[in-house]
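# Chains, contacts and geometry: an overview
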Number of protein chains: 2
Amino acid sequence: MTSTSVARPDEVRRYNRASLLRLLHVTGPCTRAALATELGLNRSTIKTLVDGLAETGVVEERVPRSSRGAGRPSLLVLPQPQAAVVLAVDVQVEHVAIALVGLGGQILGRNRWNLHGRMREPGEVITHVVESTQLLAADLGVSPVAAGISVPGVARRSDGYVHEAPNLRWTGVALGERLGAGLGIPVTVGNDAEFAALAEHLRGAARDSGDVVFVSADIGVGGGVIAQGTSLRGGGGYVGEIGHMIVRPDGRSCYCGNVGCWETEVGEAALARQLGLAEDSPRGAIVAELRLLDEAGTAPERLAEFAEWLTLGLVSIVNVLGPELVVLGDLFTVLPQPVLDGVAEQVRERSMVSRAVGGVRVEKSALGADVKLLGAAESAFEGVLDTV
Amino acid sequence: MTSTSVARPDEVRRYNRASLLRLLHVTGPCTRAALATELGLNRSTIKTLVDGLAETGVVEERVPRSSRGAGRPSLLVLPQPQAAVVLAVDVQVEHVAIALVGLGGQILGRNRWNLHGRMREPGEVITHVVESTQLLAADLGVSPVAAGISVPGVARRSDGYVHEAPNLRWTGVALGERLGAGLGIPVTVGNDAEFAALAEHLRGAARDSGDVVFVSADIGVGGGVIAQGTSLRGGGGYVGEIGHMIVRPDGRSCYCGNVGCWETEVGEAALARQLGLAEDSPRGAIVAELRLLDEAGTAPERLAEFAEWLTLGLVSIVNVLGPELVVLGDLFTVLPQPVLDGVAEQVRERSMVSRAVGGVRVEKSALGADVKLLGAAESAFEGVLDTV
């Protein structure tokens, strides 16, 4: 239970200003008229807010190029990317990517390096992120005001503590604290699939859905859930590990200690196996083989078992969580379209809850390789838009 | 995006009044001092609110029986059950129970009848609920102002449409609309496990946890999720069907069309089977057999397979949702304690996410057979406390 207090006019103005900025940030340039309609505010309030933001260079106004009708056209309001810049970091098993992202979600510049040998040790990654950020920021002439870090593991939102990132072999890393100290700005650390779900929800395939599960695979399989428009988190702010749902109790041993985790049947190693390749084949070899199968028209047949395990896991997830949309990311997006179509149809037909929600949709990620980076940026923007 | 407006003093008063009533309703009698602390309001505001509520008979004030210290004791504020009465209905496969529940959560009176033959047809159930409610309300001299109906199936929260309640053989029943018309009060329809989760969260084993999964079994297996203090619902307001997570793809056929749903391994029929009884044995026979095993000390051994399937499903749920607490209800509560203890320990040790959240707890429901009824009542109270 929390107490309430009467909102003061300056609080209301601040709230309205943040709402307007959030709208511009997510949807891009809007006319003043559209802002008024979307925010439910009158046009003079919008004018005051926009004038204030234009004065400090946060937005710019332009006459729209084409405007129908006889009246004076409503001015177009454009967010200025440089007005608020955040750092996004995507730590993956094979590489680390960083980007500086401006208001409106545009990537202003980026850098990326491979991880090998000792480079994967947390201290080295942190040092490299800090140094690369300084160089990139200097090149671009900007200063990030917050950072979001995506990690393939179990991370606590409150303080950025990484409990376990098994495929990186990280355990108990105070990543948020250490990166925050190095960068000198607030840092948010999150699970990669959670950030990807956030990005798809704000800017990708799930823009129009409030109830979405994002599932993605590379070496591991992870998931993020948006329920009623909000990221789902469990106790202690940890998100779940969808890849460790047990789907085949008489199957393969998983590093987590169980047998038959979903990840052992639909991760990268499982796909390589199904294609007759070595389990540790590089992504390129897997993609090349998939292309061959697709051209020969034999993909659905050759990948039948993989598709069935993907279907089974998705049916369980849909039955447990009842989303209206499932977005598949990363490795799953390189599956031949006939295979994806088959899985989507099976999930729709075989999930009891899909029948209730009128047929769950299963779609590919719309944001491609940048999805985790964009999600990390959005998590950083969450605390920034109120203070720009 | 929604618009905002400056809160007017009467809105603030109404909000504070509802918060105070909600606190009294959930926690029971409180001193004025405790109310002030809990709500973060000063004592004169509390006095004004309590005086207003006492005048209209919603609360009563008393000098506490024992009070330490030298000063004048803080008056005890008691919610008056008759000030707001709701109808709670629990439709189960074998019977329907109704109760009139007063402010504070006390059951003022109840009725219950068995379902057999045509009585299970929706129209008959609706008629019987309406008639029994009228009789019970007249007996008690109260008038319910809202109703909550718990159904073992897939129900849409917005309008109370029951998409599918397989064990009742109901499909496409406009239960909310039809009962609302019959009763003449607002009706909320929900999934039984969702309501049970709500009740455990407000009044039972999960009072101190914001991230809880409630799992219960009778003929079917269902679950309800509280995430960050709120009931989790998916697309269209439907909750998930945890019992239809697939745990044993080479197992038994489920009526839902899949093979190996969790419910086929940990529902009532599965438990009877494991005990060497007929699958359709009555609950009494199952409970008697369990007691014999418990007395002989052989329960963990004889129920090993059942316990393993229960564990596997719970490990998956904990890994996907990351709760801090799992509450087991209904049939699971009659399992011998050594079996439950073994499951709890296994789930804690074998869930990757449990290790992150510091060890998930697995506990029995604290509310017994009334849990769904109490949850249905709370769902009805949700819309009532603002207007008492």
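Residues numbered from 1 in each chain as written. Chains lettered and ligands numbered in written order. Predicted model: local features only at pLDDT ≥ 70, side-chain atom pairs only at ≥ 80, totals over all residues. Heavy atoms only, no water.

As a further point, take the domain arrangement of chain A. All names here are of chain A. Domain parsing of chain A yields domain 1 (9-62 + 73-79), domain 2 (83-195 + 372-382) and domain 3 (206-366). Each partner contributes to the interface: domain 2 provides 15 residues, whereas domain 3 provides 18 residues. Between domain 2 and domain 3, roughly 1,300 Å² of surface is buried when both sides are summed, and carbon and sulfur atoms account for 54% of that area. By the criterion of area lost to domain 3, the three top residues of domain 2 are Asn 167, Ala 193 and Glu 194, representing 37% of everything that side buries. (Domains from an automatic or database assignment. Contact = heavy atoms within 4.5 Å. Buried area = accessible area lost by both parts, 1.4 Å probe.)

Packed helix pairs are specified by the crossing angle of their axes together with the interaxial distance, meaning the distance between the axes. Residues and elements named next belong to chain A. Following both chains from N to C, one finds helix 4 (residues 122-140) and helix 5 (residues 175-183) inclined at 35°, their axes separated by 10 Å at the closest point. Pair helix 4 / helix 5 crosses with right-handed handedness. Listed contacts from helix 5 to Pro 122, Gly 123, Ile 126, Val 129, Val 130 and Thr 133 of helix 4 are Leu 175, Arg 178, Leu 179, Gly 182 and Leu 183. Class assignment of the residues belonging to the contact of helix 4 with helix 5 gives a composition of seven nonpolar, three polar and one charged. (Axes fitted to C-alpha atoms, helices over the stretch in contact; angles between N-to-C directions. Helix = DSSP H or I, 4+ residues; strand = E, 2+ residues; numbered from the N terminus. Left-handed = near helix turned anticlockwise from the far one by under 90°. Nonpolar A, V, L, I, M, F, W, Y, C, P; charged D, E, K, R; others polar.)

Residues and elements named next belong to chain A. Burial within strand 4 (residues 85-91) is extensive, with seven of its seven residues counted as buried. Burial of the side chains of strand 4 extends over both faces: Val 85, Leu 87, Val 89 and Val 91 are buried on one face and Val 86, Ala 88 and Asp 90 on the other. Bridging between strand 4 and strand 5 (residues 95-102) involves seven bridges; their strand directions are antiparallel. Looking at the pairing, Val 86 lines up with Val 101 of strand 5. Count of turn residues in the strand 4/strand 5 antiparallel hairpin: three residues. Here strand 4 pairs with strand 7 (residues 147-151) via four bridges, running parallel. Its bridge partner lying in strand 7, Ala 88 is registered against Gly 148. (Buried < 20%, exposed > 50% of the residue type's maximum accessible area, 1.4 Å probe, protein only. Pairing = 2+ DSSP bridges.)

Another aspect to go through is unusual backbone geometry. Residue and element names in this part refer to chain A. A positive phi is found at Arg 169, a non-glycine position, where the angle reads about 60°. Mapped onto the fold, Arg 169 is located in the loop between strand 9 (161-165) and strand 10 (170-173). The exposed category is assigned to Arg 169, whose relative accessible area is 71%.

The next thing to look at is the relation of the copies chain A and chain B. The transform that puts chain A on chain B rotates by 180° and translates by 0.0 Å along the axis, for an RMSD of 0.1 Å. What we have between these two chains is a two-fold relation. Looking at chain A, 100% of its interface residues are interface residues in chain B too, so the copies touch through the same face. (Least-squares fit on C-alpha atoms with pLDDT ≥ 70 in both.)

What follows covers helix 6 (residues 192-203) of chain B. Side chains of residues three or four places apart in an α-helix project in the same direction, reflecting 3.6 residues per turn. All names here are of chain B. In this model, helix 6 (twelve residues) spans 16 Å end to end at C-alpha, consistent with the 16 Å of a helix rising 1.5 Å per residue. The buried fraction of helix 6 is high, at eleven of twelve residues. For helix 6, every residue scored as buried is listed here: Asp 192, Ala 193, Glu 194, Phe 195, Ala 196, Ala 197, Leu 198, Ala 199, Glu 200, His 201 and Arg 203. Regarding helix 6, its N-cap is Asn 191, as a side-chain oxygen of that residue lies 2.9 Å from the backbone nitrogen of Ala 193 further along. (Expected span 1.5 Å × (residues − 1). Polar contact = N/O pair within 3.5 Å; in protein donor to acceptor, adjacent residues only side chain to side chain.)

Quick look at the pattern of salt bridges now. Once the charged atoms of two side chains with opposite charge are near each other, the side chains can pair. Residue and element names in this part refer to chain A. Going through the model one piece at a time under the given rule, you end up with 42 salt bridges over all chains. The closest approach of N and O atoms between Glu 60 and Arg 62, which form a salt bridge, is 3.6 Å. Residue Asp 370 is joined to Arg 110 by a salt bridge in which the shortest nitrogen-to-oxygen separation is 2.8 Å. Note that Asp 370 is positioned in the loop between strand 16 (361-364) and helix 14 (371-382) and Arg 110 in strand 6 (residues 107-114), a separation of 260 residues in sequence. Overall, the relative accessible area of 46% leaves Arg 110 in the partly exposed class. Because the salt bridges share partners, they merge into one network encompassing Asp 192, Asp 218, Glu 268, Arg 283, Asp 330 and Lys 372. (Salt bridge = Lys/Arg side-chain N within 4 Å of Asp/Glu carboxyl O.)

Further remarks concern the pairing of strand 5 of chain A. Residues and elements named next belong to chain A. Burial of strand 5 is extensive: eight of the eight residues sit out of reach of the surface. Of the two faces of strand 5, the one lined by His 95, Ala 97, Ala 99 and Val 101 and the one lined by Val 96, Ile 98, Leu 100 and Gly 102 are each fully buried. The pairing of strand 5 with strand 6 spans seven bridges and is antiparallel. Paired with Ile 98 across the two strands is Asn 111, which belongs to strand 6.

For soluble globular proteins, the rule of thumb is that nonpolar side chains tend to be buried together. Formed by 89 residues in total, the largest nonpolar core has its most connected members in A:Val215, A:Trp262, A:Leu321, B:Val215, B:Trp262 and B:Leu321. Leave out the neighbours within four places in its chain, and A:Trp262 touches A:Val215, A:Val221, A:Ile242, A:Gly243, A:Met245, A:Val247, A:Trp309, A:Leu310, A:Gly313, A:Leu314 and A:Ile317. (Core = buried A, V, L, I, M, F, W, Y, C linked by side-chain atoms within 4.5 Å.)

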